[in-house]
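So you can see what is in the structure, the chains are spelled out below.
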Amino acid sequence: MINRFLTAILLLIFFISNIQAQKSTNDVEGNNDKYIDWYEHLHQNPELSTQEFATSNYLKNVVNSMGYTIIDSLGYYSFAAVLQNGSGPVLLYRTDMDALPIKEETGWPIASSKSSIKEGVSTPIMHACGHDIHMSTWLNVAKEMYLSKNKWSGTLVLVAQSAEELGKGAKGIFNSKNWNTLPKPAIQLAFHSNANLEVGQLGFCDGYAMAAVDMMNITIYGKGGHGAEPQKTIDPILLSAQFITAIQTIVSRNLSPNDPAVITVGAINGGTVGNIIPNEVMLKLTIRTYSAESRDLVLRRIKTIGDQLALAAGLEANRLPKYDLLDMSIPSVFNSVSLGNSLKEHLSNSFSIVPVSPTMIGEDFGIYSKQNTIPSYLIWLGVLSSVQLKNYQNDPLGIPSLHSARFAPDYKNAIPAGTRAMVNSLLYLFKTKK
Ligand SMILES: [Zn+2]
Ligand SMILES: [Zn+2]
């Protein structure tokens, strides 16, 4: 009797544990269209850089339920989801999470109607840089990698990063205490949506792919006075004009023609009316370079030219221009050539590999490579359908670029394509990287 009773209890325990095991697998698998729900939720609930509280929680809950370990407090709302799966290499795959202060004009039924406070003003927000594609693909990859645990061995570190658009998120991660507790990656990967590539196309740009970004405010001093008596003044407006023209010679005459750089003065503010020479003028610049050497040279030359022009204008040494390099500098994205070559070779069977030219736009994924000492690659992900690309050819407004209010990726196909490409890459690298 006792034996029968025990057998019944054991059978009951067996059934319950079996049901639970099945349930947790089902949780992970979900239905096949789960990524569409994820995308649509994230698209309708965008949050601005450094405000990604709900987005971060949403992602955390999904990956946590899959069995990943969450490492939190990586600066702003950044976190990592780690899956340790035996011995082997540590591979990192990053998504960004932030949206942009743009009013969506896609006309989609799932268009964002969210607003947020930016600098005290309510601003409409939208995922116009494809970070919602990146996050949904990232979740889908997390799911697939969990389900295919028997096919790989090593540690997968999935990073969800805040504030990419401000160039602050990656810095926040590396400055956080918890980052040092994470296993050190041997290879790091990320996607960025590309509004010129078709779904199924992957864009590769070996070497320098995206620029180092510096933002600088410069105050040009002078000696104000009457506009009709310039001989009694030192005119900071004339000095600014000379300076703006002269710094363009840095790109054309100091850097090699094979070493691209951009110096843009995006704002010039000074003076009030036509007959007053002001005391000072404020300039706002963005500076784009690739190598650390070029960056140093450009910054040094800007100061030399500014100081020498001020002295030549008759200013004293204590009235030389003030150069404020803003705390937004990010290094260039350098895509490892050997990593790129092996990925291209491996993926070319199932994807169309497209060579993409370097761009002077910035991306803070460049920070992850630690001055190019950790092989890293940011792959451009095609996100438009062939029909969309064809239709846009007849559209007077053209293809909506990233950061456009009309950016409307073919998410239903782009996310599974991105998932296949990333899962393929990770499985291949887990196998080949020692
Ligand atoms: Zn962007
Ligand atoms: Zn972006």
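Residues numbered from 1 in each chain as written. Chains lettered and ligands numbered in written order. Predicted model: local features only at pLDDT ≥ 70, side-chain atom pairs only at ≥ 80, totals over all residues.

Draft legend 1. The arrangement of the environment of S336 in detail. Following the sequence through the fold, S336 ends up in the loop between strand 16 (333-335) and helix 8 (337-347). Sequence separation between S336 and I374 is 38 residues, and the spatial gap between their C-alpha atoms is 8.6 Å. Setting aside anything within four residues of it in sequence, one finds S336 in contact with P375, S376 and Y377. (Helix = DSSP H or I, 4+ residues; strand = E, 2+ residues; numbered from the N terminus. Contact = placed C-beta atoms within 7 Å.)

Draft legend 2. Here's a closer look at the domain arrangement of the protein. Per the domain assignment, the segments making up the protein are domain 1 (29-209 + 332-432) and domain 2 (212-325). For domain 1 versus domain 2, the distance between C-alpha centres works out to 38 Å. In this complex, domain 1 contributes five residues to the contact, which on the side of domain 2 involves six residues. Looking at side-chain class alone, the side of domain 1 that touches domain 2 contains two nonpolar, three polar and no charged residues. (Domains from an automatic or database assignment. Nonpolar A, V, L, I, M, F, W, Y, C, P; charged D, E, K, R; others polar.)

Draft legend 3. Here's a closer look at unusual backbone geometry. Residues other than glycine seldom take positive phi values, yet Q371 does so here, at roughly 55°. With respect to the helices and strands, the residue Q371 is situated in the loop between strand 17 (352-355) and strand 18 (376-384). Phi is positive for N372, which is not a glycine, with a value near 65°. Along the chain, N372 turns up in the loop between strand 17 and strand 18.

Draft legend 4. Quick look at the sheet that holds strand 7 (residues 187-198). The sheet built from eight strands is open, its strands ordered 1-2-6-3-7-18-8-17 with mixed pairing. Sheet topology places strand 1 (69-71) and strand 17 at the edges, where each strand pairs with a single neighbour. Neighbour-to-neighbour, the strand axes of the sheet open up by a mean angle of 30°, direction not taken into account. (Pairing = 2+ DSSP bridges. Axes fitted to C-alpha atoms, helices over the stretch in contact; angles between N-to-C directions.)

Draft legend 5. Layout of the sheet that holds strand 14 (residues 280-289). Taken in spatial order, the four strands of this open sheet run 12-14-10-15, and their pairing is antiparallel. The sheet is open, and its two edges are formed by strand 12 (262-269) and strand 15 (322-325), each paired on a single side. Averaged over all pairs of adjacent strands, the angle between their axes in this sheet comes to 20°, without regard to strand direction. The pairing of strand 12 with strand 14 spans seven bridges and is classified as antiparallel. Bridging across to strand 14, I263 finds its partner in I287. Where helix 7 (residues 292-312) meets the sheet, it contacts strand 10 (212-221), strand 12, strand 14 and strand 15, and its direction lies at approximately 160° from that of strand 14.

Draft legend 6. View of the pairing of strand 7. By the criterion of burial, strand 7 is predominantly enclosed, with 11 of the 12 residues buried. Here four bridges tie strand 3 (residues 90-96) to strand 7, and the two strands are oriented parallel to one another. Directly across from L92, in strand 7, lies its bridge partner Q188. The pairing of strand 7 with strand 18 spans eight bridges and is parallel. Its bridge partner lying in strand 18, S193 is registered against L381. (Buried ≥ 20, exposed ≤ 12 C-beta atoms within 10 Å, placed from the backbone.)

Draft legend 7. Representation of the nonpolar core. Formed by 85 residues in total, the largest nonpolar core has its most connected members in V63, Y93, L139, A142, L158 and L426. Looking at which element gives the most residues to this core, the answer is helix 10 (residues 411-432), with 10 residues. Each of domain 1 (29-209 + 332-432) and domain 2 (212-325) gives at least three residues to this core. Setting aside residues up to four positions removed in sequence, V63 forms contacts with Y68, A81, L139, A142 and L158. One finds I220, I247, I287 and I302 within the second-largest nonpolar core, a separate group that totals 20 residues. (Core = buried A, V, L, I, M, F, W, Y, C linked by C-beta atoms within 7 Å.)

Draft legend 8. Representation of the environment of I374 in the model. Mapped onto the elements, I374 comes out in the loop between strand 17 and strand 18. A tally of 15 C-beta atoms within 10 Å means that I374 is categorised as partly exposed. Setting aside its immediate chain neighbours within four residues, I374 contacts P185, Q188, Y368 and S369.

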